[in-house]
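Secondary and tertiary structure notes
Here is how the chains run, residue by residue.
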Amino acid sequence: MCTLEKRGDLFFLTLTGEDEHRFHPDTIDSVLSLLEQAKSESTKGSVLITTGHGKFFSNGFDLAWAQSAGSGAIERMHQMVKSFKPVIAALLDLPMPTIAALNGHAAASGLIFALSHDYVFMRKDRGVLYMSEVDIGLPVPDYMSALVVAKVGTSIARRELLLSGKKLRGEEAVALGIVDSAAQDSAEGVVEVSVSLGESLAAKKWSGEVYASIRKSLYPELCRMLNLTANNLATHNV
């Protein structure tokens, strides 16, 4: 499902396998556990890079698992929405810079997961960003909408992301200010760019507690929704 590897100051969280990296409850638990591990092992200069294998970064919640419950599908959807919220909170509270290196498509909660990072890099040659909810008739959970408002700077970009059903390719996503760059022609290239930035950030040897506190202060409404505050500093090695 996913792995965490530490190379020097850099943590690599990888969504493994060649599938769509759907967020099943077990996957959500695994990601949250690995983020907690990274937090507990963090030091001054730590950086997180999140990426995946194959065609998809993540295609969102495991809708097939929810639908397999028949009349219990809505309950299962609510379960995933509720259990995913602490993942977003953990990323915003993580005491280090975070970089999402999108190896491929990022849709729905998979895109929200990517946007929860401080930096987002896409491929130029393939991969789209797609908030599918308007097309499939599902509401966007309140904390996800709050994250889009916090992270996506203009009303036009938010409209294109949430209200158009568009599948945004790299160049358009950069122009709308949704991602930082889409200049690489391979997943390996995106990771290389992310590592280069990560090493540059790691060299600054910033205090993780201070970094997380400043990050949370930038998004007060979102952090209130996630039960985080700028002064809610966890204990870890710095």
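Please refer to the structure higher up on the page.
A brief report on the enclosed structure follows. Only a predicted model underlies this, so the values are computations on that prediction, with no experimental measurement involved.

A few words on the nonpolar core. Counting residues in each nonpolar core, the largest one holds 60 residues, and the members touching the most others are Phe84, Phe113 and Leu129. It is helix 3 (residues 73–93) that provides the largest number of residues to this core, a total of nine residues. Sequence-distant contacts of Leu129, that is, excluding residues within four places in its chain, are made with Leu102, Ala106, Leu111, Met122, Lys166, Lys167, Leu168, Ala173, Ile178 and Val179. If you look at the next biggest cluster of nonpolar residues, it comprises eleven residues, including Phe12, Ile99, Val195 and Ala202.

Attention shifts here to the pattern of salt bridges. Summed over all chains, the structure comprises twelve salt bridges. A salt bridge links Asp118 to Arg215; the shortest N-O distance between them is 2.9 Å. Pair noted here: Asp118 is in the loop between helix 4 (109–115) and strand 7 (119–123) and Arg215 is in helix 10 (residues 208–218), with a separation of 97 residues, a long-range link. The network of salt bridges with common partners includes Arg159, Glu160, Lys166 and Glu172.

On the secondary structure map, Met1 appears in the segment before strand 1 (2–7). Residues Met1 and Leu35 lie 34 residues apart in sequence; the distance between their C-alpha atoms is 14 Å.

Two numbers describe how helix 1 (residues 25–40) lies on helix 3: the axes approach to 10 Å, and their chain directions differ by 20°. As judged from the angle between their axes, helix 1 and helix 3 are roughly parallel. Helix 3 is crossed by helix 1, and the crossing has left-handed handedness. Between helix 1, through Pro25, Ile28, Val31, Leu32, Leu35 and Lys39, and helix 3, the contact on the second element is made entirely by Gln79, Met80, Ser83, Phe84, Pro86, Val87, Ala90, Leu91 and Asp93. Class assignment of the residues belonging to the contact of helix 1 with helix 3 gives a composition of eleven nonpolar, two polar and two charged.

Attention now goes to the pairing of strand 7. The element strand 7 is largely enclosed, with a buried count of four among its five residues. With three bridges connecting them, strand 5 (residues 98–101) and strand 7 associate as parallel partners. Counted as the bridge partner of Ala100 is Val120 from strand 7. Bridging between strand 7 and strand 9 (residues 181–184) involves two bridges; their strand directions are parallel. Within the sheet, the bridge partner assigned to Phe121 lies in strand 9 and is Ser181.

Right, let's get into the sheet that holds strand 2 (residues 10–15). Spatially, six strands are ordered 1-2-3-5-7-9 in an open sheet, and the strand pairing comes out mixed. Lying at the two open borders of the sheet, with one neighbouring strand each, are strand 1 and strand 9. Neighbour-to-neighbour, the strand axes of the sheet open up by a mean angle of 20°, direction not taken into account. Sheet analysis places strand 3 (residues 47–52) next to strand 5, joined by three bridges and oriented parallel. By the bridge assignment, Leu48 is partnered in strand 5 with Thr98. On top of the sheet, helix 1 reaches strand 1, strand 2 and strand 3; it is set at about 15° to strand 1, its chief contact.

With that out of the way, let us pick up helix 7 (residues 155–162). Of the positions making up helix 7, those classed as buried are Ala157, Glu160, Leu161 and Leu162. Packed against the buried residues of helix 7 are helix 4, helix 5 (133–136), helix 6 (142–151) and helix 8 (170–175).

Moving on, we come to helix 10. Of the residues making up helix 10, those classed as buried are Gly208, Tyr211, Ala212, Ser213, Arg215 and Lys216. Looking at the packing, one finds that the buried side of helix 10 touches helix 3, strand 5 and helix 11 (220–225).

What follows covers a nonpolar patch on the surface. A grouping of Val210, Ile214 and Leu218 is seen on the molecular surface, where their side chains present a nonpolar patch of about 290 Å² in accessible area. Among the secondary structure elements, Leu218 is positioned in helix 10. Taking the relative accessible area as the measure of exposure, Leu218 reaches 56% and is therefore exposed.

The interhelical angle for the contact between helix 3 and helix 10, taken along N-to-C directions, is 120°, at an axis separation of 8 Å. In terms of their interaxial angle, helix 3 and helix 10 are classed as oblique. Mapping the contact onto sequence places Leu91, Leu92 and Asp93 in helix 3 and Ala212, Arg215 and Lys216 in helix 10.

With parallel pairing, three strands are arranged side by side in an open sheet as 4-6-8. Where the open sheet ends on each side, the last strands, each with one partner, are strand 4 (56–58) and strand 8 (129–130). As defined by bridge partners, strand 4 adjoins strand 6 (residues 105–107) across two bridges and the pair is classed as parallel. Bridge assignment links Phe56 to a residue of strand 6, and that residue is His105.

Parameters and conventions
- Residues numbered from 1 in each chain as written.
- Predicted model: local features only at pLDDT ≥ 70, side-chain atom pairs only at ≥ 80, totals over all residues.
- Heavy atoms only, no water.
- Core = buried A, V, L, I, M, F, W, Y, C linked by side-chain atoms within 4.5 Å.
- Buried < 20%, exposed > 50% of the residue type's maximum accessible area, 1.4 Å probe, protein only.
- Helix = DSSP H or I, 4+ residues; strand = E, 2+ residues; numbered from the N terminus.
- Contact = heavy atoms within 4.5 Å.
- Salt bridge = Lys/Arg side-chain N within 4 Å of Asp/Glu carboxyl O.
- Axes fitted to C-alpha atoms, helices over the stretch in contact; angles between N-to-C directions.
- Parallel < 35°, antiparallel > 145°, perpendicular 65-115°, else oblique.
- Left-handed = near helix turned anticlockwise from the far one by under 90°.
- Nonpolar A, V, L, I, M, F, W, Y, C, P; charged D, E, K, R; others polar.
- Pairing = 2+ DSSP bridges.
- Patch = residues over 30% accessible without salt bridge, like charges linked within 9 Å, V, L, I, M, F, W, Y side chains within 5 Å.
- Areas by Shrake-Rupley, 256 points an atom, 1.4 Å probe, with all protein chains shown as cover.

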